[in-house]
Amino acid sequence: MDDVIEVDNAGLWTCSARLADLGHRLGHGLAGAPGLTVSAPEWSAARTLADLESAVHGWLTAIGAGLADTADRVRAAAQEYETVDLRVARRLAETG
């Protein structure tokens, strides 16, 4: 079994940026967008559509927040890998 761990740090940074962008778009992308409301509030579907719209907005906002949190964690992992890699390289150079 191979004990080598390989980390694609550039990939982690890219993933983090993409997750943050997607999280932002999901969390804020519907702000100001026309809703599902109907022009005839007396329709029986009007209240149901308004409730559905509210639920979808809340759901997407929660997903966006979760993605943003994941992006922060991936970014922190990438930074930690870089820090450890630099530390190991410095120690190897000192012993070399």
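Figured I'd write up the structure that's included with this text.

Criteria and cut-off values
Residues numbered from 1 in each chain as written. Predicted model: local features only at pLDDT ≥ 70, side-chain atom pairs only at ≥ 80, totals over all residues. Heavy atoms only, no water. Helix = DSSP H or I, 4+ residues; strand = E, 2+ residues; numbered from the N terminus. Rg over C-alpha atoms; globule rule 2.2 N^0.38 Å. Buried < 20%, exposed > 50% of the residue type's maximum accessible area, 1.4 Å probe, protein only. Contact = heavy atoms within 4.5 Å. Areas by Shrake-Rupley, 256 points an atom, 1.4 Å probe, with all protein chains shown as cover. Lys, Arg positive; Asp, Glu negative; His and termini not counted. Charge placed at Lys NZ, Arg CZ, Asp CG, Glu CD. Expected span 1.5 Å × (residues − 1). Arc of directions from axis to C-beta. Axes fitted to C-alpha atoms, helices over the stretch in contact; angles between N-to-C directions. Parallel < 35°, antiparallel > 145°, perpendicular 65-115°, else oblique. Left-handed = near helix turned anticlockwise from the far one by under 90°. Nonpolar A, V, L, I, M, F, W, Y, C, P; charged D, E, K, R; others polar.

## Digging into the overall build of the chain
So, step 1. The helix and strand tally for the chain stands at 2 helices and 0 strands.
So, step 2. The C-alpha radius of gyration of the chain comes to 23 Å, more than 25% above the 12 Å expected for a compact globule of 96 residues.
So, step 3. Within the chain, buried positions represent 14% of all 96 residues.
So, step 4. Summarising the internal contacts of the chain: among those between residues at least 6 apart in sequence, 81% fall at separations of at least 24.
So, step 5. For the chain, the computed accessible surface area is about 7,400 Å², with 60% contributed by carbon and sulfur atoms.
So, step 6. Of the side-chain charges in the chain, 8 are positive and 14 negative, and the distance between the mean point of each set is 5 Å.

## Describing helix α1 (residues 9-28)
So, step 1. Helix length check: α1, at 20 residues, gives a terminal C-alpha distance of 28 Å against a target of 28 Å (1.5 Å per residue), a fit within 8%.
So, step 2. Every buried residue of α1 is accounted for by N9, S16, L19 and G23. Down the axis of α1, the buried side of the element spans an arc of 75°, and every buried residue falls inside it. The outward face of α1, more than 90 degrees from its buried face, is lined by the exposed residues A10 and R18.
So, step 3. Here the buried face of α1 lies against α2 (45-95).

## Observations regarding the packing of α1 against α2
When two helices pack together, their arrangement is given by the angle between the helix axes and by the axis-to-axis distance.
So, step 1. α2 packs onto α1 with a crossing angle of 160° between their chain directions and a minimal axis gap of 7 Å. Between α1 and α2, the angle is such that the two are roughly antiparallel. The interaxial crossing formed by α1 with α2 has left-handed handedness.
So, step 2. Among the residues forming the contact of α1 with α2, the class breakdown is 14 nonpolar, 8 polar and 2 charged.

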